[in-house]
Amino acid sequence: MSESKTHMIGLLEGIASTRAIRRFTDEPVSDEDLAQILFLATRAPSGSNRQPWRFIVLRDDERSLQAKQLLGEMARRMWEFKRRGDRYDEGSGQRKDSPKSRLARSMDHFAAHFEEAPVVILPCFLPYRESNPMDGASIYPCCQNLLLAARGLGLGGVMTGFQAGVDQELKALLGIPESVVLSACIPLGHPQGSHGPVRRRPLSEFVFEGGWDQTPTWAVDPTGTRHTRAGPPGHRTVIDPK
Ligand SMILES: Cc1cc2nc3c(=O)[nH]c(=O)nc-3n(C[C@H](O)[C@H](O)[C@H](O)COP(=O)(O)O)c2cc1C
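A brief look at the structure comes next. Predicted model, so just to flag it, every value in this text is computed and none were measured.

**Considering helix α5 (residues 99-112)**
Inference 1: For α5, spanning 14 residues, the distance from its first C-alpha to its last is 20 Å, which sits close to the expected 20 Å at 1.5 Å a residue.
Inference 2: Regarding α5, the residues found buried are Ser101, Ala104, Met107, Phe110 and Ala111.
Inference 3: Elements in contact with the buried residues of α5: α4 (62-85) and β5 (186-189).

**What to know about the side chain of Ser17**
Inference 1: Mapped onto the elements, Ser17 comes out in the loop between α2 (11-16) and α3 (31-41).
Inference 2: Assessed through its relative accessible area of 5%, Ser17 is described here as buried.
Inference 3: Within the local environment of Ser17, its side chain forms a polar contact with the side chain of Arg151, the two groups lying 3.1 Å apart.
Inference 4: For Ser17, the residues in contact, after removing those within four places along its chain, are Ile9, Arg151, His195, Gly196, Pro197 and Val198.

**Concerning unusual backbone geometry**
Inference 1: Located in the positive-phi region is Ser48, a residue other than glycine, with phi close to 55°.
Inference 2: Structurally, Ser48 is set in the loop between α3 and β1 (53-58).
Inference 3: On the basis of relative accessible area, Ser48 is assigned to the exposed category, the value being 70%.
Inference 4: In the Ramachandran plot, Arg87 falls in the positive-phi region, its phi being about 50° despite a non-glycine side chain.

**Description of the site of the ligand**
Inference 1: Near the ligand lie 13 residues; those nearest to it are Ala20, Arg22, Met159, Gly161 and Arg200.
Inference 2: Ala20 is positioned such that a nitrogen or oxygen atom in its backbone is 2.8 Å from an oxygen atom of the ligand.
Inference 3: One nitrogen or oxygen atom from the side chain of Arg22 is found 2.9 Å from an oxygen atom belonging to the ligand.
Inference 4: Residues of the shell around the ligand, tallied by class, amount to seven nonpolar, three polar and three charged.

**What about the packing of α4 against helix α7 (residues 167-174)?**
Inference 1: Close contact between α4 and α7 brings their axes to 10 Å; oriented N to C, the two are set at 175°. Comparing their axes, α7 and α4 come out roughly antiparallel. On α7, the residues touching Arg63, Gln66, Ala67, Leu70 and Leu71 of α4 are Glu169, Leu170, Leu173 and Leu174.
Inference 2: Taken together, the residues of the contact of α4 with α7 sort by class into six nonpolar, one polar and two charged.

**Focus on the environment of Val180**
Inference 1: Tracing the chain through its elements places Val180 in the loop between α7 and β4 (181-182).
Inference 2: In this structure, the C-alpha to C-alpha distance between Val180 and Cys124, residues 56 residues apart in sequence, is 6.5 Å.
Inference 3: Those residues within four positions of Val180 in sequence are excluded, and the remaining contacts are Cys124, Phe125, Leu126, Pro127 and Lys171.

**A word on a nonpolar patch on the surface**
Inference 1: There is a patch of nonpolar side chains on the surface, built from Leu11, Leu12 and Ile15 and spanning about 360 Å² of accessible area.
Inference 2: Its place among the elements puts Ile15 in helix α2.

**Re the pattern of salt bridges**
Inference 1: Counting across every chain of the model gives ten salt bridges.
Inference 2: Between Asp31 and Arg59 there is a salt bridge; the shortest N-O distance is 2.5 Å. With Asp31 in helix α3 and Arg59 in the loop between β1 and α4, this pair connects stretches of sequence that are 28 residues apart.
Inference 3: Shared partners join several salt bridges into a network, and the residues in it are Arg83, Asp89 and Asp108.

**Section: the packing of aromatic side chains**
Inference 1: Scanning the entire structure with this criterion turns up six aromatic pairs.
Inference 2: Note on Trp79 and Tyr88: the rings are 5.0 Å apart at their centroids and 70° apart in plane angle, and the pair reads as edge-to-face.
Inference 3: The exposure class assigned to Trp79 is buried, which follows from its relative accessible area of 5%.
Inference 4: Given a relative accessible area of 9%, Tyr88 falls into the buried group.

Analysis parameters
In this convention, every chain numbers its residues from 1, walking through the sequence in written order. The model is predicted, so local features are restricted to residues of pLDDT at least 70 and side-chain atom pairs to those at 80 or more, both for listing and for counting; the totals for chains, interfaces and linings are taken over all residues. Where side-chain values are given, they derive from all heavy atoms of the structure, hydrogens and water being excluded. By definition, any uninterrupted DSSP run of H or I lasting at least four residues is a helix, any uninterrupted run of E lasting at least two residues is a strand, and each is numbered from the N terminus. Multiplying 1.5 Å by the helix residue count minus one yields the expected span of that helix. Burial status follows relative accessibility: with a 1.4 Å probe on protein chains alone, a residue under 20% of its type maximum counts as buried, one over 50% as exposed, and anything between as partly exposed. By the convention used here, residues are in contact when the closest approach between their heavy atoms is within 4.5 Å. Pairing of N or O atoms within 3.5 Å defines a polar contact, subject to two protein rules: one partner must be a possible hydrogen donor and the other a possible acceptor, and residues neighboring in sequence count only if both atoms are side-chain atoms. Definition of nearness: a residue and a molecule or strand are near each other if at least one heavy atom of the residue lies within 4 Å of the molecule or strand. By the convention adopted, Pro, Cys, Tyr, Trp, Phe, Met, Ile, Leu, Val and Ala count as nonpolar, Lys, Arg, Asp and Glu as charged, and the other residues, Gly among them, as polar. Between N-to-C directions, angles cover 0 to 180 degrees, with each direction set by a line fitted to C-alpha atoms, over the stretch in contact for helices. Convention used here: angles under 35 degrees read as roughly parallel, angles over 145 as roughly antiparallel, angles from 65 to 115 as roughly perpendicular, and any remaining angle as oblique. Exposure above 30% relative accessible area and no salt bridge define the residues that can form patches, which grow by joining like charges within 9 Å and nonpolar side chains of Val, Leu, Ile, Met, Phe, Trp and Tyr within 5 Å. Only the protein chains shown count as covering a residue, and every accessible area follows the Shrake-Rupley method with a 1.4 Å probe. By salt bridge we mean one thing: a side-chain nitrogen of Lys or Arg within 4 Å of a carboxyl oxygen of Asp or Glu. Working definition: a ring pair exists when centres of Phe, Tyr or Trp rings (six-membered ring for Trp) sit within 6.5 Å. Plane angles under 30 degrees give stacked, over 60 give edge-to-face, the rest tilted.

In structure tokens, the structure reads:
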């Protein structure tokens, strides 16, 4: 491991400040960094330590460029659909400095330039039994490890679902066996902009002790924590699945 880089940031700070990065510089990602990121991704736990993951790395070869294009087209379609459906141009979206319009601008750029991400990683899950609600727990921890490792090396990325609509095309193009599940699509690169403290809702909304809806007095954020208003307000909101 390259000592100088890995010691720049502590584990706890890294966890609290790994943002979704959607803009990248042109700087390529080195083989050494990629190897380290994927090494650390594969230190994640999985059921019975089966390690049912594979990672397809897309960079600049012909097939990778075609795969990136398929993903980029899907990114644009998905974002366009969400942009309209979630009314990003209405309400606070009309104020240029609101979080909503900042996110919309970031997503506009991300979708339009998706193919320019220096690296796109497709984490794949190898099913080994009947589909089970815990399957995701054997693939998504390694995705988060991957993003944390990237952050530790000064890189960044974002979990996306852009593979979902083009998984058959990607399987045909990249020779992926039919039974393999494409679980995510993670563009990676050197951030334009920076990581920093992520914003979430107050801890007291998330933590109950001894029973539902019983917020303990100790569930408080560290002093100075800034919150987001994103997400359903208040811990009493239970999502009705119907
Ligand atoms: C399951 C999952 C799916 C996601 N899908 C997308 C996506 O399709 N496109 C995208 O740009 N970001 C996607 N994200 C990133 C989230 O929008 C991001 O993690 C969230 O807004 C928090 O961002 P922050 O950590 O920078 O605060 C996804 C994240 C998760 C965990």
